[in-house]
Amino acid sequence: MKKAIFVFTVLLTFSFQAQTKKWTLEECVDHALQNNITVKQSELDLEQSEINKKDAIGNFLPTLNASVSHSWSIGLGQDPVTFDAVNSTTKNLSGGISSSLNIYDGLRNINQLHRSNLEILASRYQLDKIKDDISLLVANSFLQILFNKEQLKVLQAQQVVSQQELERTNELVDAGVLPRGDLLEIQATIATQEQQIVNAENTVLLSRIQLAQLLLIQEYETFDIVDIDYQVPTTMILEQSPDAIVSKAKETRYDIKIAETNQEIANDNLKIAKGALQPTLRGSYNFGSNYFTSQLFDTPDFETQLTDNKSHNFSLSLSIPIFNGFAASNNVKRNKVNLERAKVQLEQANLDMETAVYQAYNDTKGALKAYEAAQKTLEAREEAFNYSRERYNVGLLNAFDYNQSQNRFEAAQSDVIRTKYDYIFKLKVLEFYFGIPITDIN
């Protein structure tokens, strides 16, 4: 009984811990990268590219095939000795080994192997790019939950203040210092705040569900993240010039690397297409033997026939393309177009990278200024609200004006939270271009 109680207690403890687990940003990112369907598809593409490389390596190796056949002939046939027509039953067993080697094919094998290596590299770059994009998406969703939670905390704190003001106003109304309309105004404000809190709670829940779905986690109701009050990080990134960040991004980001690799692949495809215009030389070797029996005469034994009937065949075949309906020449032209397209795409990728970095740089600077301005506004609104509360408590300010001052103070608090997380995320995007991990936001 004691053992059963102990086991039940341990299981209950683990179950409770599992239900109350709160995820860190790093855990969320790691889980997404391990379970995201797009990542898995990209990993399969990489695996496929590695298989294609094995095919390219196999093109350098000689082929080796064995064959065996056994036949029966009943009725009219040909005597293998006299070559006369005879009516008999004969059996023939033959076998052989053949091998061929591609000696020269316009260097297509070499170019195909080089292309397969580039395709593996491009698949790896694409996989890393997808992981980066998912990391950014997870970080954005994670910060959105934190933003929504802080908004909820502000509303709850303001409701506490309003409840205190309600009690204070009720005493002043009973004492005849304030009119009853002020009490009704405070009650209406509290009702509005309760509605705002309900909406904020739903917003927090929806943002948690959104992140859980992104992580492919089914336990929506129990999923939650750690309640960390992230402060605005100190960074030196804004002291860098946009050009310096662009140069660093071209070294670390995968968009440019993918475009560069695709251009090299297109160049190899053109070489392979040109190789089809050149002659191909192939060598082959065949070895065979057979065993024959007949009812009409005695035949040597099996081993003797296999030795006497051996045959070796060596051959070289040269194929010279002369005319193939313009297929080869058109394929060369087609790959020239694809190469030019890849060059244009690389140029566009560089322009897009520069545009994205400059946009992220200006967005980050603007977000920082907005956050600093929101902080100054909050300080002014807090002083104004405290002054209004003092005047309201002594009956020098009516409830409507007091509520207006409180609403402006609440709006300033919300604006500080909004600009804070907006700046943090835009800052991390800019740092991401500079090669700083997205999970480093402490």
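Rules behind the numbers
Residues numbered from 1 in each chain as written. Predicted model: local features only at pLDDT ≥ 70, side-chain atom pairs only at ≥ 80, totals over all residues. Heavy atoms only, no water. Salt bridge = Lys/Arg side-chain N within 4 Å of Asp/Glu carboxyl O. Buried < 20%, exposed > 50% of the residue type's maximum accessible area, 1.4 Å probe, protein only. Axes fitted to C-alpha atoms, helices over the stretch in contact; angles between N-to-C directions. Helix = DSSP H or I, 4+ residues; strand = E, 2+ residues; numbered from the N terminus. Parallel < 35°, antiparallel > 145°, perpendicular 65-115°, else oblique. Left-handed = near helix turned anticlockwise from the far one by under 90°. Arc of directions from axis to C-beta. Contact = heavy atoms within 4.5 Å. UniProt positions renumbered as here; feature names shortened; annotations may be inferred. Expected span 1.5 Å × (residues − 1). Polar contact = N/O pair within 3.5 Å; in protein donor to acceptor, adjacent residues only side chain to side chain.

## Topic: the pattern of salt bridges
Piece 1. Enumeration over the complete set of coordinates arrives at 16 salt bridges.
Piece 2. Note that Lys-21 and Glu-27 form a salt bridge whose closest N and O atoms lie 3.3 Å from each other.
Piece 3. Overall, Lys-21 belongs to the partly exposed group, its relative accessible area being 34%.
Piece 4. Members of the salt-bridge network, linked through shared partners, are Lys-22, Lys-149, Arg-208, Asp-224 and Asp-227.

## Some thoughts on the packing of helix α4 (residues 108-174) against helix α5 (residues 180-214)
In a pair of packed helices, the angle between the axes and the distance between the axes together describe the arrangement.
Piece 1. Direction vectors running N to C along α4 and α5 enclose 165 degrees, while the axes themselves pass 8 Å from each other. With respect to α5, the axis of α4 lies roughly antiparallel. For α4 against α5, the interelement crossing comes out left-handed.

## Concerning helix α2 (residues 25-35)
Piece 1. Within the sequence span of α2, burial applies to Leu-25, Cys-28, Val-29, Ala-32 and Leu-33. One face of α2 carries all of its buried residues, which in axial projection span an arc of 125 degrees. Those residues of α2 that are exposed and aimed more than 90 degrees away from the buried face are Glu-26 and Gln-34.
Piece 2. Tucked inside the fold, the buried residues of α2 contact α3 (37-58), α4 and α5.

## Observations regarding the UniProt feature "coiled-coil region" (unreviewed entry) in the protein chain
Piece 1. In this numbering, the UniProt entry assigns the feature "coiled-coil region" (unreviewed entry) to residues 329-359.
Piece 2. Overall, residues 329-359 shows 100% helix and 0% strand. The separation of its end C-alpha atoms is 45 Å.

## A few points about α3
Piece 1. For α3, which comprises 22 residues, the first-to-last C-alpha distance of 32 Å matches the rise-based estimate of 32 Å (1.5 Å per residue) to within 8%.
Piece 2. Those residues of α3 that sit buried are Val-39, Ser-42, Leu-46, Ser-49 and Ala-56. Buried residues of α3 fall within an arc of 80 degrees about the axis and therefore sit on the same side. More than 90 degrees from the buried face of α3, the exposed residues found are Ile-37, Leu-44 and Lys-54.
Piece 3. Looking at the packing, one finds that the buried side of α3 touches α2 and α4.
Piece 4. You can read the cap of α3 off the contacts: a side-chain oxygen lies 2.9 Å from the backbone nitrogen of Thr-38, and it is on Asn-36.

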